[in-house]
Amino acid sequence: MQPESPDMRTENENGRRVSRFAWRLGREWLRLGLPSADGHIVVAVSGGADSTALLLAMHELCSSQRLALKLTAAHLNHCLRADESDADAAWLVGLTTEYEIPFVVERADTNAEAARTQDNLEQAARRLRYNFLARTAANVGAKHVLTAHTMDDQAETMLLRLMRGSGLEGLGGMKPARDLSPGTDVILARPLMSKFRRAEILEYCTERGIEPRQDAMNHDLAFSRVAVRHELLPLMERFNPRLVETLAQTAELIRTDNDSLDSLAMVSWAGAFRHNSENGIDVRTLQELDTGLRRRVIRLWLGTMRGDLRRIEAVHLRAIEQLLEPGRAGRVAELPGGARVQRNRGWLLFQEKDS
């Protein structure tokens, strides 16, 4: 990377120029330890400013040979906004054609998915989107999927989780990089999240002469995240003008502490887990742990047994902890989705639905 320049465009050793925005993205890319060569990257795009900026900046870095990577843009049409959803997809076809970026698009009935799973629309849309991105990555042979979450998104996420009640894992917000799904070798990366504000992303789109698509749902105050963005954050910024940066930094500190505690929990879990077909965990080992560490071990166990911790709340953890009390042999704790945990003598056993 070249030394920082006050100019809006910087040159690399080959004299190929990139925008200041793309240059900063390249620095963050390297800081996160993401590959600079011989890789294939899927960029999730919605047509909005954030994902459009991410795609175009990545294209700058690759076309200038700062990164020797292949790009594929991927868009899932959630079919939630009548003709507007189709127009978003058509706009992205034009954009990716102009820049000669391979483009994959699919349609999904999000309303039907929400009804089938009894989730809200946001949860259903998210699950459909990540499943689509996983399929796309597998089809093109990509090991990294990028989403355009910003520092503003991180701050909103932290506030939402704080108001709903969350432990350290939730308050740590989103990770800059994580496994796309359990058991996969595909990494989900968010290279805009730690350093980029929404305002500078809009500025970059303007500099590029791009007018991103507008989603009316992003202004619907009926959605909690939208209300936090347009009402709560501006109010809180009266007390701290740099609130978004402060919240993002706090989330990073919490995430670091949480990772350390998870490492301790993994050691305890290894001593409590029963490696046989009954999928059990030792009661006595759990009883000897302090409350915080015990709950982490239980969460690790449940996440392994279920495949995820979706819809697992504090009430479920407390119900499982009650099974550790004397005289609870044969009792059960019900879990979301029909699974349950039963105490059988000295073990807690995980039982799938209808097992």
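Refer to the preceding data block for the structure.
Bear in mind that the values here come from a model prediction, so they are computed numbers and not experimental data.

A.B. asks: Is there a simple way to think about the pattern of salt bridges in this case?
C.D. replies: Oppositely charged side chains can form a pair if their charged atoms are brought close together. Tallying each qualifying case throughout the model produces 27 salt bridges. Its salt-bridge partner being Asp50, residue Arg198 comes within 4.0 Å of it at the nearest N-O pair. One end of the pair, Arg198, is in helix α8 (residues 198–207); the other, Asp50, is in helix α2 (residues 49–63), with 148 residues separating them in the sequence. Like Arg198, the residue Asp50 is buried in the burial classification. Of the charged contacts, one joins Arg328 and Glu325 as a salt bridge, the two residues approaching to 3.6 Å between their closest N and O atoms.

A.B. asks: How should the packing of helix α6 (residues 151–164) against helix α10 (residues 243–272) be read in this particular structure?
C.D. replies: In helix packing, the relevant descriptors are the interaxial angle and the interaxial distance, both defined with respect to the helix axes. Between α6 and α10, the least distance of the axes is 8 Å, while the angle of their chain directions is 70°. Relative to α10, the element α6 is oriented roughly perpendicular. Helix-helix and strand crossings are classified by hand; for α6 and α10 the assignment is left-handed. Of the residues in α10, those touching α6 at Met151, Asp152, Gln154, Ala155, Met158 and Leu159 are Val244, Glu245, Leu247, Ala248, Thr250, Ala251, Ile254 and Arg255. Of the residues contributing to the contact of α6 with α10, the split by class is 9 nonpolar, 2 polar and 3 charged.

A.B. asks: Would you take a moment to explain the packing of aromatic side chains for this structure?
C.D. replies: Any two aromatic rings considered together are summarised by their centre-to-centre distance and by the angle between their planes. This structure, assessed with the given rule, holds 2 aromatic pairs. An angle of 15° between the planes, with centres 4.3 Å apart, marks the rings of Phe21 and Tyr204 as stacked. Taken together, the positions of Phe21 in helix α1 (residues 20–31) and Tyr204 in helix α8 put the pair 183 residues apart, joining distant regions of the chain. In this pair, the class of Phe21 matches that of Tyr204, namely buried. Each member of the aromatic cluster is reached from another via a ring pair, and the members are Phe21, Phe196 and Tyr204. A cation over an aromatic ring shows up here: Arg24 above the ring of Phe196, its NZ or CZ 4.4 Å from the ring centre.

A.B. asks: It is not clear to me how helix α9 (residues 224–236) should be interpreted in this structure. Could you clarify?
C.D. replies: Considering bend angle alone, the principal kink of α9 is centred on His230 and spans about 30°; proline Pro234 follows within four residues of it. Where α9 is buried, its residues touch α6, α8 and α10.

A.B. asks: Mind showing me how you'd approach a nonpolar patch on the surface here?
C.D. replies: Together, Leu168, Leu261 and Leu264 make up an exposed nonpolar region whose accessible area comes to about 240 Å². Looking at the element boundaries, Leu261 is found in helix α10.

A.B. asks: Hey, could you run me through the side chain of Asp153 in this one?
C.D. replies: For Asp153, the position within the fold is in helix α6. Given a relative accessible area of 9%, Asp153 falls into the buried group. What Asp153 contacts, discounting residues up to four positions off in sequence, is Asp50, Ala148, Met174, Arg198, Arg225 and Arg229.

Thresholds, definitions, all that
Residues numbered from 1 in each chain as written. Predicted model: local features only at pLDDT ≥ 70, side-chain atom pairs only at ≥ 80, totals over all residues. Heavy atoms only, no water. Salt bridge = Lys/Arg side-chain N within 4 Å of Asp/Glu carboxyl O. Helix = DSSP H or I, 4+ residues; strand = E, 2+ residues; numbered from the N terminus. Buried < 20%, exposed > 50% of the residue type's maximum accessible area, 1.4 Å probe, protein only. Axes fitted to C-alpha atoms, helices over the stretch in contact; angles between N-to-C directions. Parallel < 35°, antiparallel > 145°, perpendicular 65-115°, else oblique. Left-handed = near helix turned anticlockwise from the far one by under 90°. Contact = heavy atoms within 4.5 Å. Nonpolar A, V, L, I, M, F, W, Y, C, P; charged D, E, K, R; others polar. Phe/Tyr/Trp six-rings, centres within 6.5 Å; stacked < 30°, edge-to-face > 60°. Lys NZ or Arg CZ within 6 Å of the ring centre and 35° of its normal. Bend = angle between axes of the 7 residues up to and from the residue. Patch = residues over 30% accessible without salt bridge, like charges linked within 9 Å, V, L, I, M, F, W, Y side chains within 5 Å. Areas by Shrake-Rupley, 256 points an atom, 1.4 Å probe, with all protein chains shown as cover.

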